[in-house]
Structures are given as structure tokens and as C-alpha cells.
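Architecture and fold: a report
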Amino acid sequence: MFIHFLITLLSPQFYFTHSNIRAFPDTSMNISGNSISTYWTMDYKKNYFTFAYDNYSENWQPTVFRQDMFSLGYSREILHLTGIRVVGFHILDSYENTSTTLSTRLLYGYNPIYTLGYAFSCYVRQYWDGKISYAVHRINPELRFLLHKKIWLMPGVSCTIAETEKYFSFPLTISSNILYDGSFWTKFNMEISAAYGKGFYNVDDRLLIINNRPDIEKMKIAGKIKYDLNKRIQLIGIGGKDVFEIYDITYCSIGLKINI
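Everything in this summary refers to the structure shown in the same document. (Residues numbered from 1 in each chain as written. Predicted model: local features only at pLDDT ≥ 70, side-chain atom pairs only at ≥ 80, totals over all residues. Heavy atoms only, no water.)

**Describing the overall build of the chain**
- Assigned secondary structure in the chain consists of 1 helix and 17 strands.
- Going through the 260 residues of the chain one by one, you find that 40% of them count as buried.
- Long-range contacts, defined as pairs at least 24 residues apart, comprise 46% of the intrachain contacts of the chain with a sequence gap of at least 6.
- Counting only carbon and sulfur atoms, one obtains 67% of the accessible surface of the chain, whose full area is about 15,200 Å². (Helix = DSSP H or I, 4+ residues; strand = E, 2+ residues; numbered from the N terminus. Buried < 20%, exposed > 50% of the residue type's maximum accessible area, 1.4 Å probe, protein only. Contact = heavy atoms within 4.5 Å. Areas by Shrake-Rupley, 256 points an atom, 1.4 Å probe, with all protein chains shown as cover.)

Structure (C-alpha cells):
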């Protein structure tokens, strides 16, 4: 009872993800990957904290590539109109490649909601002839407005500046926000997101995801379905594809969210 008095809501999430990497034009080379991750969100007096950990591996026979990701986040609403969110990331993988990212997002209004995201990333990658460092800036304005009673539309623009190169992509997300009332269909919550254009080391501070691949991404599409088993437990399914210049990644996830 004392813990619930201090913490309004504690929500752990657990995911397992399987992916397949297909190179082209030589489509005979297929590489599989697996990820186990957890996300914890906590509401403490309208202060929202997030912790995430992801353990990822790719099967490059005869070797296995492994990577660990740690994420910390914080957000709150200021003056009932402006929200600020700060997310810090750290990535460490087995090949001595490291990266650190700090991102922030400002929000204003209720409907529509105007948001502006900024992320700075520093990457150090180990190659045969030595280490190479990248400094990446990403600016991501986004508009969120209610299309229908329970459907949000979120178009945006992503500008990435990496060294002297600039990359632009155009993300779009459609999300249903269905309140639980016990009927079969209202137990579902669905989201579809896509992006077209060029991206490089993309950071998604909304989903706490970092693209830690030094390759240009051309397109991505993903879908998410949540099903309420009851008011406290959700089953989550995610599927999608990321298309890069010389390969693509198809993945699917299954997860469980618990509201304590």
C-alpha cells in the first residue's frame, strides 16, 4: 500500500523478437537474429520514468554478433500545455563498438499536438584498419491530431546530419486509442507506422529504439497490435520490415505488458 501511494503506476514489459536479414542482389545469404528485451515505465507524481534493456544477437556463422542496449528516460508535463521528455541511451556490443545518444522532445497543445525532437549520437566502430567515429544530429518535428474519436494521425519529417551528409525521411504513424470496456473489439489497440526517404543512425525516442547500423535506410514499415486480457495485462504483437540499400530486415515480436 505504501508503494502504491508513492507510485501511481508501474508497468513492466517483456519482448522476444526474431528477425531475418536478406542481402541483395545475392538473396541466398540469410542471417537470423534474436532479441530479448524489457521496458519498465513508472509514474511518480506525474513524473514518468523509463528503463529499457535489450540483448540482441545475429548468427553470422561461424561467429555470433552480440549487442547490449541500456536506455533511461524521463518525461513530465509543464504548465499543463508543454511537455518535455529527455531520453538517454547507451549501447555496447561485443566488437568494441560503442555509442551514446541523448535525445529530447518538446510537446505543445492537446489536439493538435506539436512536437519537436532532437537527438545527438556519437558512434565509435571498430574496423580492420582502426576505429572510426561518427557524430550524428537528428531533428524530428511531428504533428499529432485526432482524426476520429479514437484514431490519432502523426505525420513528421526527419532530418539527419552525419558529418557533412544530410538525410531526409518522412515518417507517418496511425494509432488507435481504444479504451477498455470489456467487449471483444475494444480490447484491441492497433498502430501502423511507416517512413520513406533516407535515414542514417535513426533514433526513435518514442519507442526507445536506436538503429545502430552504419548503413543508409531507405524505407520502413511496422504494425503493432495490443490485446487486453484484462485491465492489467496486455498481449502485444509487432511485425515489420526495414529496407536498407543492400539488404532488408524482416522481424516479428511477441510481448507482455503488466500494469501493477
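**Quick word on the packing of aromatic side chains**
- Throughout the structure, instances matching the rule amount to 8 aromatic pairs.
- With centroids separated by 5.3 Å and ring planes inclined at 50°, the aromatic side chains of F49 and Y74 adopt a geometry described as tilted. Taken together, the positions of F49 in strand β3 (residues 47-60) and Y74 in strand β4 (residues 63-78) put the pair 25 residues apart, joining distant regions of the chain.
- For F49, a relative accessible area of 32% puts it in the partly exposed group.
- Taking 4.8 Å as the distance between ring centres and 70° as the angle between the ring planes, the aromatic pair formed by F200 and Y201 counts as edge-to-face.
- Here Y201 falls in the buried class, since its relative accessible area comes to 0%.
- One aromatic cluster in this structure is built from Y123, Y167, F200 and Y201. (Phe/Tyr/Trp six-rings, centres within 6.5 Å; stacked < 30°, edge-to-face > 60°.)

**A look at the pairing of strand β9 (residues 151-155)**
- Sheet analysis places strand β8 (residues 130-148) next to β9, joined by 3 bridges and oriented antiparallel. Along β9, the bridge assignment pairs F145 with L153.
- Here β8 folds back onto β9 in antiparallel fashion, the turn holding 2 residues.
- As paired elements, β9 and strand β11 (residues 165-176) share 5 bridges and run antiparallel to each other. Pairing of W152 across the sheet is with S175, part of β11. (Pairing = 2+ DSSP bridges.)

**Focus on the environment of M219**
- Within the secondary structure, M219 sits in strand β15 (residues 217-228).
- Distance in space between the C-alpha atoms of M219 and V243 is 5.1 Å, their sequence separation being 24 residues.
- Ignoring any residue separated from it by four or fewer positions in sequence, one finds M219 in contact with A195, Y196, G197, K241, D242 and V243.

**Topic: the nonpolar core**
- Core analysis: the largest hydrophobic core is formed by 11 residues, namely A119, Y123, Y134, V136, A162, Y167, F200, Y201, V203, I210 and I216.
- Every element with two or more residues in this core is listed here: β7 (113-127) and β8.
- Once residues lying within four places of it in the same chain are set aside, the contact partners of Y167 are S158, C159, T160, A162, K198, G199, F200 and I216.
- Formed by 8 residues, the second largest nonpolar core is a distinct cluster that contains A23, I31, Y247 and I249. (Core = buried A, V, L, I, M, F, W, Y, C linked by side-chain atoms within 4.5 Å.)

**Side note on the pattern of salt bridges**
- Following the criterion strictly, the structure yields 3 salt bridges and no others.
- When the shortest N-O distance is used, the salt bridge between R144 and E142 registers 2.7 Å. The same class applies to R144 as to E142, namely buried. (Salt bridge = Lys/Arg side-chain N within 4 Å of Asp/Glu carboxyl O.)

**So, the side chain of S169**
- Inspection of the secondary structure assignment puts S169 in strand β11.
- Residue S169 is classed as buried on the basis of its relative accessible area of 7%.
- If near-sequence neighbours (up to four positions away) are discounted, S169 is found in contact with V157, S158, Y196, G197 and K198.

**Here we look at the pairing of β3**
- Across 12 bridges, strand β2 (residues 30-44) lies against β3 in antiparallel orientation. Note on β3: the bridge partner recorded for Y44 is N47.
- In sequence, β2 turns back onto β3 through a hairpin of 2 residues, with K45 there showing a positive phi of about 55°.
- The pairing of β3 with β4 spans 14 bridges and is antiparallel.

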